[in-house]
Amino acid sequence: MPHILIVEDEAAIADTLIFALQGEGFTTTWLSLGHGALEYQRATPADLVILDIGLPDISGFETCKQLRRFSEVPVMFLSARDAEIDRVVGLEIGADDYVVKPFSPREVAARVKAILKRMAPRTLVEAPPALFVIDPERVQISYRGQPLSLTRHEFRLLQCLLEQPERVFSREQLLDALGVMADVGYERNIDSHVKSLRAKLRLVAAQAEPIQTHRGLGYSYSPGHA
Ligand code: CA
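A short tour of the structure in this document, coming up. (Residues numbered from 1 in each chain as written. Predicted model: local features only at pLDDT ≥ 70, side-chain atom pairs only at ≥ 80, totals over all residues. Heavy atoms only, no water.)

### What about the sheet that holds strand 7 (residues 140-143)?
So, step 1. Spatial strand order, 6-7-8: three strands in an open sheet with antiparallel pairing. In this open sheet, the two edge strands, each paired with only one partner strand, are strand 6 (132-135) and strand 8 (146-147).
So, step 2. Sheet analysis places strand 7 next to strand 8, joined by two bridges and oriented antiparallel. Opposite S142, over in strand 8, you have P147 as the bridge partner.
So, step 3. Here helix 6 (residues 152-163) sits on the sheet in contact with strand 6 and strand 7, set at roughly 120° to strand 6. (Pairing = 2+ DSSP bridges. Helix = DSSP H or I, 4+ residues; strand = E, 2+ residues; numbered from the N terminus. Contact = heavy atoms within 4.5 Å. Axes fitted to C-alpha atoms, helices over the stretch in contact; angles between N-to-C directions.)

The structure is reproduced here in structure tokens:
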């Protein structure tokens with residue numbers, strides 16, 4: 001249920017807004033000062049802010065400007081005069097909509113709905129968390145948001161594969177990446193590192209096979225199988 005923050009110093013206007021918005025299923029908080037609204041939004045972010053321009057402490061414009069330093073929340077301005085609207089549009093201070101007083105509370109509620117609907121797809125297409133995140137300084141790799149507990153060799157091996165997706169590395173190249181000299185058993189050595197690495201990855205995602213074996217060639221990281 002979307003939460004709407006109403007910042008308006010006239011109780012009668014706030015009341016009609018609260019009534020109309022709650023009638024549409026929104027929850028509301030009413031505040032009458034710009035500073036208070038900023039504090040509130042920092043602590044408990046609302047989904048949309050209805051902001052009166054003429055507030056007793058700082059103006060709605062100033063409130064919006066300060067709000068934009070830490071929040072992308074949609075803002076709808078309430079304006080007492082048409083003349084103020086030119087400033088809303090002209091200043092481009094990050095408002096999403098505005099209404100001029102006197103307004104119909106039901107119209108405001110409908111516009112609030114429209115803005116939130118417009119916002120919704122943005123949330124939906126938000127990029128999923130990266131499959132792998134490499135933190136070279138802490139010698140740490142996360143897989144699907146979970147930190148892996150890797151040996152130094154496993155870390156280097158996985159890092160090497162991740163840095164060039166789909167590239168097939170020979171065992172010799174991987175050994176090189178580990179900074180280990182090739183000796184008689186090196187092929188089996190790499191194979192056993194890959195085996196234990198795969199076991200650790202499976203603890204996070206049992207069905208995935210991000211490290212692919214290429215018979216007679218070596219290994220690759222395949223994002224399509226991760
Ligand atoms: Ca006012």
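From this point, things continue past the structure.
### Description of the side chain of Q140
So, step 1. You can see Q140 is positioned in strand 7.
So, step 2. At 2.8 Å, the side chain of Q140 and the backbone oxygen of L148 are in polar contact.
So, step 3. Look past the residues within four positions of Q140 in its chain and what remains in contact with it is V133, I134, D135, P147, L148 and F155. (Polar contact = N/O pair within 3.5 Å; in protein donor to acceptor, adjacent residues only side chain to side chain.)

### Some words on the pairing of strand 1 (residues 3-7)
So, step 1. Taken across its five residues, strand 1 has five buried, putting it largely inside the fold.
So, step 2. Neither face of strand 1 is open: one carries H3, L5 and V7, the other I4 and I6, and all of them are buried.
So, step 3. Here five bridges tie strand 1 to strand 2 (residues 27-31), and the two strands are oriented parallel to one another. Residue H3 lies in a different strand from strand 2, and its bridge partner there is T27.
So, step 4. After leaving strand 1, the chain enters helix 1 (residues 11-23) and then returns to the sheet as strand 2, a path that is right-handed.
So, step 5. Note: strand 1 against strand 3 (residues 48-52), four bridges, orientation parallel. By the bridge assignment, I4 is partnered in strand 3 with L48. (Buried < 20%, exposed > 50% of the residue type's maximum accessible area, 1.4 Å probe, protein only. Right-handed = clockwise from strand over helix to strand, strands pointing away.)

### Topic: the pairing of strand 10 (residues 218-221)
Regular strands show a simple pattern: their side chains alternate between the two faces of the sheet.
So, step 1. Bridging between strand 9 (residues 211-214) and strand 10 involves four bridges; their strand directions are antiparallel. Directly across from I211, in strand 10, lies its bridge partner Y221.
So, step 2. Between strand 9 and strand 10, which pair antiparallel in sequence order, lie three residues; one of them, G216, sits at a positive phi of approximately 75°.

### Some points on the coordination of the calcium ion
So, step 1. For the calcium ion, the full set of protein donor atoms is D9 (OD), D52 (OD) and G54 (O), at a range of 2.2 to 2.3 Å.
So, step 2. Coordination of the calcium ion draws on donor residues from a single chain, spaced D-x42-D-x1-G in sequence. With a gap of 45 residues between them, D9 in the loop between strand 1 and helix 1 and G54 in the loop between strand 3 and helix 3 (60-67) connect regions that are remote in the sequence.
So, step 3. Residue G54 is classed as partly exposed on the basis of its relative accessible area, which comes to 43%. (Donors = N, O, S within 2.8 Å, 3.2 Å for Na, K, Ca; no water.)

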